[in-house]
Amino acid sequence: MDLGGTYYNTKPQVEALEKLLRQLPDHTEPALPPVERPKPRRARQLDADQVQELIAGYQAGATVYELGARFGIERRTVSNILKRHDVPMRRRGLSAEQVDDAIHLYNLGWSLARVGGHLGVDHTTVLTKLRERGIPTRDSHGRPRS
């Protein structure tokens, strides 16, 4: 009956550990200085005039993405400001014809991001519509999802 098995000959394991030990930095040398990282900044606040300009821009047809870029804030912040001021949000979505087009392009091998860019919507919008229609999707490497 063998109770030790692979543990009888520990030489390969010891050699592997010694090799790893040689890769460690010398403990007698001083440690590297800490990495300088920028301090987190306070979120950019828009003044009342800028908020009114943002609302007017949205009502004139600008997207939350365009307004975010224009004011230097996240698109989610734009949405939050609009909601806080009771501005009705536009839901672009996709028409039935656009969903058919998206399915066709996706089946041709286009990525969700490419289809979304072609149709002017986010890739998650395309993904949602494909799933609603029962279209099987691929992972980021083009393999069918399980």
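What comes next is a walk through the structure. Computed from a predicted model, the values in this text were never measured in an experiment.

So, the packing of aromatic side chains
Taken as a whole, this structure holds zero aromatic pairs when the rule is applied. The side chain of Arg138 reaches across the aromatic face of Tyr106, ending 3.9 Å from its centre.

Description of the packing of helix H2 (residues 48-59) against helix H3 (residues 64-71)
Pairs of packed helices are described in terms of their axes, by the angle between the two and the distance that separates them. For the pair H2 and H3, the least separation of the axes is 10 Å and the interaxial angle reads 150 degrees. In terms of their interaxial angle, H2 and H3 are classed as roughly antiparallel. Like other packed secondary-structure pairs, H2 and H3 cross with a definite hand, here right-handed. Of the residues in H3, those touching H2 at Gln50, Glu53, Leu54, Gly57 and Tyr58 are Val64, Leu67, Arg70 and Phe71. Here the residues of the contact of H2 with H3 sort into five nonpolar, two polar and two charged.

Thoughts on the environment of Ser111
Tracing the backbone shows Ser111 in the loop between helix H5 (96-107) and helix H6 (112-119). By relative accessible area, Ser111 is classed as partly exposed at 38%. Taking the C-alpha atoms as reference points, Ser111 and Pro40, separated by 71 residues in sequence, lie 35 Å from one another.

A short note on unusual backbone geometry
Even without being a glycine, Asp86 presents a positive backbone phi close to 55 degrees. Relative to the elements of secondary structure, Asp86 occurs in the loop between helix H4 (75-84) and H5.

Here's the deal with the pattern of salt bridges
The full count for this structure, using the stated rule, is five salt bridges. Among the ionic pairs, Arg133 bridges to Asp100, the shortest N-O distance being 2.7 Å. Highlighted residues: Arg133 in the segment after helix H7 (123-132) and Asp100 in helix H5, separated in sequence by 33 residues. Residue classification places Asp100 among the partly exposed residues on the basis of a relative accessible area of 43%. Among the ionic pairs, Lys129 bridges to Glu132, the shortest N-O distance being 3.4 Å. You can see Lys129 and its partner Glu132 sitting in helix H7, three residues apart, about one turn around the helix. For Lys129, a relative accessible area of 24% puts it in the partly exposed group.

Conventions and cut-offs
Residues numbered from 1 in each chain as written. Predicted model: local features only at pLDDT ≥ 70, side-chain atom pairs only at ≥ 80, totals over all residues. Heavy atoms only, no water. Phe/Tyr/Trp six-rings, centres within 6.5 Å; stacked < 30°, edge-to-face > 60°. Lys NZ or Arg CZ within 6 Å of the ring centre and 35° of its normal. Axes fitted to C-alpha atoms, helices over the stretch in contact; angles between N-to-C directions. Helix = DSSP H or I, 4+ residues; strand = E, 2+ residues; numbered from the N terminus. Parallel < 35°, antiparallel > 145°, perpendicular 65-115°, else oblique. Left-handed = near helix turned anticlockwise from the far one by under 90°. Contact = heavy atoms within 4.5 Å. Nonpolar A, V, L, I, M, F, W, Y, C, P; charged D, E, K, R; others polar. Buried < 20%, exposed > 50% of the residue type's maximum accessible area, 1.4 Å probe, protein only. Salt bridge = Lys/Arg side-chain N within 4 Å of Asp/Glu carboxyl O.

The quantities given are spatial measurements derived from coordinates; they are silent on function.
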